[in-house]
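Here's the letter readout for the chains.
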Amino acid sequence: MPTNEKEINCYLFDQLSILERIEAVTNDEAVLKQIAIERRQIERKLYQSPPLSKEG
């Protein structure tokens with residue numbers, strides 16, 4: 001389990017990378033639609049305000 005915001009962000013960026021690789025090899029509209037949904041959910045977590053944790 002990630003312990004700080006940097007680790008969480010790395011995990012979320014990894015998830016975005018996986019979606020990009022899947023998107024590159026599919027032409028199925030249903031899959032592309034689901035990828036778009038997943039991407040929005042990940043980006044919402046990644047760019048949320050206030051941040052996930054308060055470090056410092």
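Owing to the predicted nature of the structure, the values given are computational and were not obtained by experimental measurement.

Draft legend 1. Spatial organisation of helix 2 (residues 29-46). Helix length check: helix 2 (18 residues) gives 25 Å between terminal C-alpha atoms against 26 Å at 1.5 Å per residue, within 8%. Taken together, the buried positions of helix 2 are I35, R39, I42 and L46. In a view along the axis of helix 2, the buried residues occupy a sector of 70°, so they form one face of it. Away from the buried face of helix 2 by more than 90 degrees, exposed residues E29, A30, K33, R40 and R44 are located. Considering only its buried residues, helix 2 is in contact with helix 1 (5-24). Between the side-chain oxygen at the start of helix 2 and the backbone nitrogen of A30 there is a gap of 2.8 Å, and the oxygen is on D28.

Draft legend 2. Looking closely at the pattern of salt bridges. Inspection of the entire model under this criterion finds 1 salt bridge. Residue E23 pairs with R39 through a salt bridge whose shortest N-O separation is 2.8 Å. Placement of the pair is E23 in helix 1 and R39 in helix 2, with a sequence separation of 16 residues.

Draft legend 3. Local environment of the nonpolar core. L12, L16, L19, I35, I42 and L46 form the largest nonpolar core, which has 6 residues in total. Going through the elements one at a time, helix 1 and helix 2 are the ones with two or more residues in this core. L16 has contacts with R39, I42, E43 and L46, leaving out every residue within four places of it along the chain.

Draft legend 4. Structural view of the side chain of T26. Relative to the elements of secondary structure, T26 occurs in the loop between helix 1 and helix 2. Of the residues examined, T26 reaches a relative accessible area of 16% and is grouped as buried. Polar contacts involving the side chain of T26 include one to the main-chain amide nitrogen of D28, which spans 3.2 Å. In contact with T26, not counting residues within four places along its chain, are V31, L32 and I35.

Criteria and cut-off values
Residues numbered from 1 in each chain as written. Predicted model: local features only at pLDDT ≥ 70, side-chain atom pairs only at ≥ 80, totals over all residues. Heavy atoms only, no water. Helix = DSSP H or I, 4+ residues; strand = E, 2+ residues; numbered from the N terminus. Expected span 1.5 Å × (residues − 1). Buried < 20%, exposed > 50% of the residue type's maximum accessible area, 1.4 Å probe, protein only. Arc of directions from axis to C-beta. Contact = heavy atoms within 4.5 Å. Polar contact = N/O pair within 3.5 Å; in protein donor to acceptor, adjacent residues only side chain to side chain. Salt bridge = Lys/Arg side-chain N within 4 Å of Asp/Glu carboxyl O. Core = buried A, V, L, I, M, F, W, Y, C linked by side-chain atoms within 4.5 Å.

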